[in-house]
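# An overview of the molecular structure
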There are 2 protein chains.
Amino acid sequence: MKNMKWIAVDWGTSKLRIWAMDEFGQVLAEVRADDGMAGLNQNDYEKVLLSHISGWLTDEVTPVIACGMVGSRQGWFEAPYAKVPTKAAAKYVNVDIADRRFSLSIVSGVMQSHKADVMRGEETQISGFLVGQPNFEGVICLPGTHSKWVQIEAGEIKQFQTAMTGEIFGLLSQKSVLRHSQGSWSDEAFKQAFEDIYNAPENALSSLFSIRAQDLLNGDGHGVARLSGSLIASEFAGMKHYWQGQTPVLIGAGELVRLYQLGFELLDLEVKALRAAPLTMAGLHRVYEEVNL
Amino acid sequence: MKNMKWIAVDWGTSKLRIWAMDEFGQVLAEVRADDGMAGLNQNDYEKVLLSHISGWLTDEVTPVIACGMVGSRQGWFEAPYAKVPTKAAAKYVNVDIADRRFSLSIVSGVMQSHKADVMRGEETQISGFLVGQPNFEGVICLPGTHSKWVQIEAGEIKQFQTAMTGEIFGLLSQKSVLRHSQGSWSDEAFKQAFEDIYNAPENALSSLFSIRAQDLLNGDGHGVARLSGSLIASEFAGMKHYWQGQTPVLIGAGELVRLYQLGFELLDLEVKALRAAPLTMAGLHRVYEEVNL
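Residues numbered from 1 in each chain as written. Chains lettered and ligands numbered in written order. Predicted model: local features only at pLDDT ≥ 70, side-chain atom pairs only at ≥ 80, totals over all residues. Heavy atoms only, no water.

### Structural notes on the overall build of chain A
When you go through chain A residue by residue, the secondary structure sums to 9 helices and 14 strands. In summary, chain A has a C-alpha radius of gyration of 21 Å against a globular reference of 19 Å for 293 residues, a match within 12%. The C-alpha extent of chain A, read off along each of the three principal axes, is 70 × 40 × 35 Å. Residues classed as buried in chain A amount to 59% of the 293 residues present. Of the roughly 12,600 Å² of accessible surface on chain A, 46% is carried by carbon and sulfur atoms. Mean positive and mean negative side-chain charge positions of chain A (26 and 34 charges, respectively) differ by 3 Å. (Helix = DSSP H or I, 4+ residues; strand = E, 2+ residues; numbered from the N terminus. Rg over C-alpha atoms; globule rule 2.2 N^0.38 Å. Buried < 20%, exposed > 50% of the residue type's maximum accessible area, 1.4 Å probe, protein only. Areas by Shrake-Rupley, 256 points an atom, 1.4 Å probe, with all protein chains shown as cover. Lys, Arg positive; Asp, Glu negative; His and termini not counted. Charge placed at Lys NZ, Arg CZ, Asp CG, Glu CD.)

Here is the structure:
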């Protein structure tokens with residue numbers, strides 16, 4: 001592929017995204033696949049990657065820069081965590097591979113010993129965000145299956161915390177007794193549940209069964225929105241030390257990020273959201289430039 | 001079976017227990033089976049019950065008194081809820097059945113419109129408890145997949161609330177990312193997690209991922225106890241309006257009830273636990289006496 005200088009890879013637990021990039025970090029081609037880490041053995045990675053990119057490769061060695069769970073112990077090759085405080089995506093490992101047509105570098109995740117926590121992938125989005133706003137100080141929230149709240153200070157990740165709200169929502173809405181009472185979406189029901197739990201967060205767990213009971217007795221048709229509002233409000237209450245007195249930046253897109261924006265609105269904070277993929281590419285591009293020095 | 005006057009049945013979502021009873025409410029024989037409601041169609045119930053009791057039946061009509069999910073809409077026959085405030089297990093329905101060797105009465109569950117909630121089965125345990133302590137006023141806690149907290153006043157169920165803590169624990173410990181970090185039990189880890197969350201219940205959900213991270217980074221081997229302590233503490237925090245200023249009675253047995261006792265101990269409350277099965281039989285016996293009048 002003409003002008004392709006390197007390949008960017010975001011390889012997570014369930015999804016794989018690959019971009020052919022020019023030297024300026026512009027996308028020439030994109031691949032999306034479901035070949036996530038969860039379904040792969042360690043020996044599968046090179047084969048899977050080649051199945052998607054071999055058509056792009058030439059006689060020259062093309063640098064491949066990857067981030068995400070691909071660098072975990074269960075991934076292709078373990079890229080040891082950087083420790084907070086640390087610049088985002090400042091650390092990476094070069095991996096020996098069999099094929100001579102590409103080189104591979106995997107970005108390290110970030111860990112925190114005090115208040116133990118880990119991230120893999122988000123550090124690259126944060127790095128990409130800081131490329132555009134190098135003087136940013138404050139809080140970044142990255143909603144997802146495992147949401148991250150990250151405090152940036154002096155250009156570094158100072159501390160962060162993960163909430164597994166998305167995963168809990170998935171289990172309760174699909175596998176618990178509440179699955180019988182999901183009904184249809186309603187912003188009003190979401191907001192009401194958010195306010196109820198935000199104002200009395202000690203009720204977060206003990207109030208969940210009322211979603212089922214209210215539906216059984218009164219045919220409440222918005223259990224899914226009440227569940228979502230309750231869980232996200234509980235996350236906001238527990239993360240108050242991150243966002244209070246701040247104007248956080250949201251990284252992400254789609255319905256989930258809209259709900260976090262709704263939550264912030266209820267707290268009188270107008271919060272902007274940035275799409276994650278361009279930030280991932282920008283973060284990987286910075287690593288590419290370093291690798292290519 | 002000589003001296004058998006009636007049959008007591010506790011038919012829940014996953015379990016079926018049947019007792020052959022004499023006229024004084026003493027047990028002559030017992031059956032335990034996994035024929036819970038979850039695996040049955042409406043037409044199966046009579047067949048399943050007969051498969052267990054036909055050997056006990058005679059030419060005389062034996063009264064069968066049943067409680068639990070067998071009386072739900074998805075059960076054998078819907079026994080409409082009694083509404084709070086109500087005496088426990090004061091309402092039942094007589095069901096027409098094909099077989100002439102037994103009669104069937106199903107105890108109604110209890111519902112609450114304001115702060116919507118429902119119970120089916122626990123009302124019979126409560127009724128049995130009140131047979132022995134008719135002047136009891138205060139709070140009864142019945143730990144389980146769906147725990148119930150019940151306020152008794154003037155011999156009636158005044159109000160109650162359900163927490164689906166047990167179900168949430170099951171899902172998170174078996175189906176979430178925390179399943180990789182369950183480790184082994186530790187009372188100390190349970191107590192620490194209980195105190196952490198009880199004192200800051202707004203962290204109940206947002207702190208759960210730390211169980212995974214702490215195990216990944218430090219090899220903490222007691223995730224199961226930390227998860228259990230966190231969730232039960234969250235329930236206690238949300239149910240404070242029930243137990244505060246009270247000396248609750250626990251109904252139940254086994255490890256789960258021991259953990260609720262541990263929780264109460266940490267709150268400086270010494271709480272007695274009563275086994276559920278004898279109370280269920282006593283509650284069903286009271287209904288038998290009424291049916292048999």
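Having seen the model, we can carry on.
### Let's talk about the relation of the copies chain A and chain B
For the pair chain A and chain B, the relating rotation is 180°, the translation along its axis is 0.0 Å, and the fit reaches an RMSD of 0.1 Å. Here the copies are linked by what is in effect a two-fold axis. Measuring from the rotation axis to each C-alpha of chain A, the shortest distance belongs to A:E202, at 2.8 Å. Here 100% of the interface residues in chain A have copies in chain B that are interface residues too; the copies meet face to matching face. (Least-squares fit on C-alpha atoms with pLDDT ≥ 70 in both. Contact = heavy atoms within 4.5 Å.)

### Side note on unusual backbone geometry
Backbone geometry follows two general trends: most residues other than glycine have a negative phi, and most peptide bonds adopt the trans configuration. A:P85 follows A:V84 through a cis peptide bond whose omega is -10°. Relative to the helices and strands, A:P85 resides in the loop between β5 (82–83) and β6 (92–95). Positive phi values are uncommon outside glycine, yet B:A89 reaches one of about 55°. For B:A89, a relative accessible area of 3% corresponds to the buried category.

### Remarks on the pairing of strand β7 (residues 102–107) of chain B
All names here are of chain B. Within β7, 5 of the 6 residues are buried, which leaves it mostly tucked inside the rest of the structure. Relative to β7, strand β4 (residues 62–67) runs parallel, the two being bridged by 5 bridges. Bridge pairing in β7 places A66 opposite I106. Hairpin connection between strand β6 (residues 92–95) and β7: a loop of 6 residues separates the two successive antiparallel strands. (Pairing = 2+ DSSP bridges.)

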